[in-house]
Every structure is written in structure tokens, then in C-alpha cells.
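Tertiary structure, described
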Amino acid sequence: MNDSLRIRSYVQDQWVDGEGEGARLYNPSTGEVMATASTTGVDMGGALAHARRVGGANLRSLSFAERGAILKGLSKVVREHRDELLELARTNGGNTAGDGSFDIDGASGTLFFYSNLGRSLGEGSLLEDGESLPLGKETSLCGRHVWVPRRGAAVFVNAFNFPAWGFAEKMACAFLAGMPVVVKPATLTACVAFRLAELFVDSGLLPAGSWTFLAGPAGDLLDHLEGQDVLAFTGSAATGRKMRSHPRVLDKGVRVSVEADSLNSAVLGPDVEEGSDSWNLFVKEVSREMTQKAGQKCTATRRVFVPADRIEAVIAALTGRLARTTIGEPGAEGVRMGPLASAAQLEDVKGGVGDLASVGEIVFGDPEIVERADGGSSGTGCFMSPVLLRCDEPREAAVVHAREVFGPVATVMPYDGAEEAVELIALGEGSLVASVYSDDAVFVRQVVLGIAPYHGRVYLGSADIAGEAWGPGAVLPGLVHGGPGRAGASEELGGLRGVYHYMQRTALEGSAELIGSILGEGAKST
Ligand code: NAP
């Protein structure tokens, strides 16, 4: 790849290019321009209309099993080009091989998971919801609920940190439901998504109209949404607000899903002894969550709550691990943490550390000093050290619970008892995931029931599962992903639950015979 690469859009089953130079995509390790992209002049209204008319009809003519077979083929395409995609994730995203695999293997794994779900749903294309409800005394009058595919386009506007998994997890659900997709990755890191778009198109697996890809800014895309479309957004809370409140979205009643900021917590139980399996799991996972993808994960742990009398020991243990983080060009030998995705992200994270330091103290790292393990100059690229902070008055520190610092940064805070842990965690006003490290069933129950309303997922780190724990950062397709409040108040994935977002549930009321003939053999009971 060189700086003359032009990434293009795929619209109305053709590759098209926007006008002018457009946006520049960089290598965050070197600052070099990798590619340019423009959507200026791209006919967004035409793109959506074609997707709805041609792609929707084509997908709806297929059974769940047939749609699942397409997803299986796409999953294979991702796997077969894994090395090439990892290389792009390194150069355009600053990802180490491990970071990149989180995204790329996550994409192929999620497509594969939903291909299996499609196979298990079989040859039908409708889903029944629940049992038939008798409504008549003399006749077969009854009520039944059915899920049908929506007739619009599923529009995905995604964040920079997961250019592959970010759209694949949404696409798997929409395709299985029978909706065509319009994929708009974040421009900053779009090289991986663009290459996948090329591979998908070249695979010949995609029915006409079912796949639209936009390389570059969204332009007037949202102005053309209709009431049968679904807008699924992942990104910052500020942009999420714009999506939700977009006049066209409000006017047409477009279904919107938002995955946004999240102040994820980890809590260490009072029962966990230093050096025990649960302690080691906690230390390993908190430090990994801070440094994997340089902390640029929506599920990364930002707030760490520990019993007051353990705070020094926890800081010492975390510091010991963070000190071993080797930072540098992500392809260089031995490097474990690459750069942030852009100079703007680096500035934002440094600003965020400043905000957090105003209510606490930095106990590891310096946002202005980075030691590179690859021999590179500290003045080049978007590198920074992990930064651990300590805040002893978490109730007085509103910013710790409100400012998502999207980098290798976390804050350790004391708590006293399960009740206080719950109260402090809830100050985050809704997050994607919280992790509870404890082997005390009473403590775990109290905390989990207290924090569950504020989270889409709660991860339980205990000694008995330590040997095969995935950690809180891994989003599994069979479990729901999303969170209330600040995290966007939406939900994705979770097996079939994620597919329903792209379908309409309709109650049918009438004779059992007529309803039965509508549903036919193919409707699958769920
Ligand atoms: P962002 O700046 O909000 O951008 C996200 C997407 O929105 C990009 O594709 C961007 O396009 C697009 N966009 C921006 N303004 C728009 C507008 N006015 N109209 C239409 N589209 C618009 O977010 P980001 O910096 O890429 O991502 C970081 C954030 O994402 C973090 O807050 C993180 O927590 C969140 N995130 C959440 C999850 C989750 O699952 N909850 C997952 C990953 C990330 P351009 O790139 O072309 O500007």
C-alpha cells in the first residue's frame, strides 16, 4: 500500500469515487498518508433506494438457511485474507497482531456464529413469537405474533476502533433478518473495511443490492432515511446524539440503535486475597483491558474499585504489569502496545488524563513521556504510555464517572462494602460491561443485582473459571452487547435477539386457519 491508494464506495452495485481529494487516512505510527477517500457527489438517496428495492427483495427471497450460507462464505473470505487484513490493521489502525486479530477474527467469528444460527432456523423466512392466544368462544379466533423483515435498508455508521468487527456484527444480524446493508466505517481507519468490501464483492456471494459501502464522510445520507430503515450507530455520545435527534430520523420514525461512550468498571471483592487465582485474574485482565488496542475499546475498563485497605497492593500489582508494556510500531519485534489511532485522539486522551488528574493523582505513566521499545523516536507517531490514576474520593469526582478517556488509562478508587460499590458504579450512568472479581457468592449476588440495571453485560471473574476466562473486553455474539443510559440505551447481538432489531413484530388477530395459512410451514417458532 502506498499514499496514492484511493478507497472507493460501492453503490448501486458499482464502485464509485467521490469528487476531490477528500479525507486523508494516516498511518498513526509514522504520520504518513496511507489513502484518501471522498464521498462528495455520491448519490446517497439513490444508494438507499437501490438497497431497499433490489437488495431487500433479493434477501427476502432467501430462507434463513440460505442467508446463513452467505454469512458462512463471507466468514471464510475474512479468514482466508486474515494476514493481509492484519497488515492493514497495523498500518492504518496502529494495531499489533493481537489487537488486529481481536477485530478481524472477531468479524469472521461473528459471521460464522450467525451462519450457524441461520442454518438452525432452516428453510423458512418468518419467525413466530410465542404461542397462539385463544380469543374466541365459538370460533377459532386467536392472536399470534410474527416477526417479518423490515422493508428498508440497515445503515451502519461505525467507530474507528473496530473497522472489521464493527460492521460485521451488525451485518450478520441484518442479513439474517433479510435486510440489505449500507456500511459506513469511520473514515480514519477505513482501509480494513474497504479491503473487506472489495473481497466481499469479488466473492460473488452477495445478492445484488444487498451490500453498499461508503468510503468517507456520511454526507447527506441521513437526509434520505425512511421509516422502514434501521440506523445502527457506534461511536461517541456526541455523534450519537446527532443521530438520534436528526430531523429526518425524528420525522420518519427511523429505528435507531446507538452504541456510545462507556465508563466500564471492575470491582475487586473484599474476599480476594493478594496472590490468589482471582487476584491474579483481576490484575491480568485490568492491565490487559488498559493496554489492548491501546485502550481504544468500548469495553475497556476505565474505573477500578477496590477495598480501601487493598488500594496500595492493587496499584503495586497493576503498576508492575503496566511497566512491562512494550510500546512501539506494532509490527516491531516484542511490541505489545501500538499508537493511538490519530494525533487528534492522542490530544483528546492527554486532555482526558488532565481532567482525571484534577480529581486524583497519576500513579503510573506520564501522558507526555513515552519510552519506545522499538528504538523509534518518541516525537514520531501517536504513541503514549499507559496511565494509571488513583482517586481517593470517588463520590466527589464527577469527571471520573463521566469522561470516557479513550486510551490506555484507568483510575483506581476505594469502596467500602457491596452497597457502596454499587452506588459508585452506578455513577457511570450506564455502561456496556462491568466485571466483578470475587469468590464470595453473597457479595457477588449483591453487587450483580445492584449493577445489572446499569449494564448490558456483567462479567464474573472467579477462581473456578480463571483458566478459560475470556475477560470483560471480549464481545461474544451469543451474548447481548450494549448498555443503558450513557452507553447508548441500545442492544446488539445476543444470538437471535440481535436479529429482531432488523425485523418487525406484528400481531395477527383472526381465524386460526387463516393465520396458519399465512405463516405456512416455514415460520419458525422462537
Ligand atoms: P465518532 O467520532 O462519533 O464517529 C463515529 C462515526 O460517526 C464515524 O463513522 C463518523 O464518520 C460518523 N459521523 C460523525 N459525525 C457524523 C454526522 N454528523 N453524521 C453522520 N455520521 C457522522 O466516534 P469515533 O471517534 O469513531 O469512535 C470512538 C467512540 O466510539 C468512543 O466513544 C467509543 O466508546 C465508542 N465506541 C462504542 C462502541 C460500543 O459498542 N458501544 C464500540 C466502539 C466504539 P467519519 O469517520 O467519516 O467522520
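Residues numbered from 1 in each chain as written. Predicted model: local features only at pLDDT ≥ 70, side-chain atom pairs only at ≥ 80, totals over all residues. Heavy atoms only, no water.

**As for helix 13 (residues 417-426)**
For clarity, the threshold we go by: Each residue is assigned to one of three classes by its accessible area relative to the maximum for its type, calculated with a 1.4 Å probe on protein chains only: buried under 20%, partly exposed between the two thresholds, exposed over 50%. Helix and strand definitions follow DSSP, with helices as H or I runs of at least four residues and strands as E runs of at least two, each counted in order from the N terminus. Working rule for contacts: check all heavy atoms of both residues, and any pair within 4.5 Å makes them a contact.
Summarising burial for helix 13: 7 of the 10 residues are buried, a large majority. Residues of helix 13 that are buried: Ala418, Glu420, Ala421, Val422, Leu424, Ile425 and Ala426. Tucked into the core, helix 13 has its buried residues touching strand 13 (264-268), strand 14 (301-307), helix 12 (398-402), strand 17 (409-415), helix 14 (441-451) and strand 19 (455-461).

**Topic: the domain arrangement of the protein**
Accessible area lost during the coming together of the parts is what is often quoted as the interface size. Formally: Boundaries between domains were set according to an automatic or database domain assignment. Within this document, salt bridges are pairs made up of a side-chain nitrogen of Lys or Arg and a carboxyl oxygen of Asp or Glu, the two lying within 4 Å of each other.
For the protein, the assigned domains are domain 1 (44-260 + 491-525) and domain 2 (264-481). Relative placement of domain 1 and domain 2: their C-alpha centres are 31 Å apart. Listed per partner, the contact involves 21 residues of domain 1 and 28 residues of domain 2. Seen at the junction of domain 1 and domain 2, the total is 1 salt bridge. The partner of Arg90 in a salt bridge is Glu329, with the nearest N and O atoms 2.5 Å apart.

**Remarks on the sheet that holds strand 15 (residues 361-364)**
Note the cut-off: DSSP-based pairing: two strands are paired if at least 2 bridges between them are found. In this analysis an axis means a line fitted to C-alpha atoms, helices contributing only their contacting stretch, and an angle means the value between N-to-C directions, from 0 to 180 degrees.
Taking strand neighbours across the sheet as the criterion, the 7 strands line up as 15-16-17-14-13-18-19 in an open arrangement whose pairing is mixed. The open sheet has two edge strands, strand 15 and strand 19, and neither has a second partner. Direction aside, the axes of adjacent strands within the sheet are offset by 25° on average. As paired elements, strand 14 and strand 17 share 5 bridges and run parallel to each other. What sits directly across from Pro307, in strand 17, is Tyr415. Here helix 14 sits on the sheet and contacts strand 13, strand 17, strand 18 (431-437) and strand 19; the angle it forms with strand 18, its principal contact strand, is near 170°.

**Regarding the pattern of salt bridges**
Considering all chains together, one arrives at 26 salt bridges under this definition. Its salt-bridge partner being Glu169, residue Lys170 comes within 3.3 Å of it at the nearest N-O pair. As far as burial versus exposure is concerned, Lys170 and Glu169 are alike and both buried. The salt bridge involving Lys170 is made with Glu492; its shortest N-O contact spans 3.1 Å. A residue pair is termed long-range when its members are at least 10 positions apart, and Lys170 in helix 5 (residues 165-177) and Glu492 in strand 21 (residues 490-493) qualify at 322 residues.

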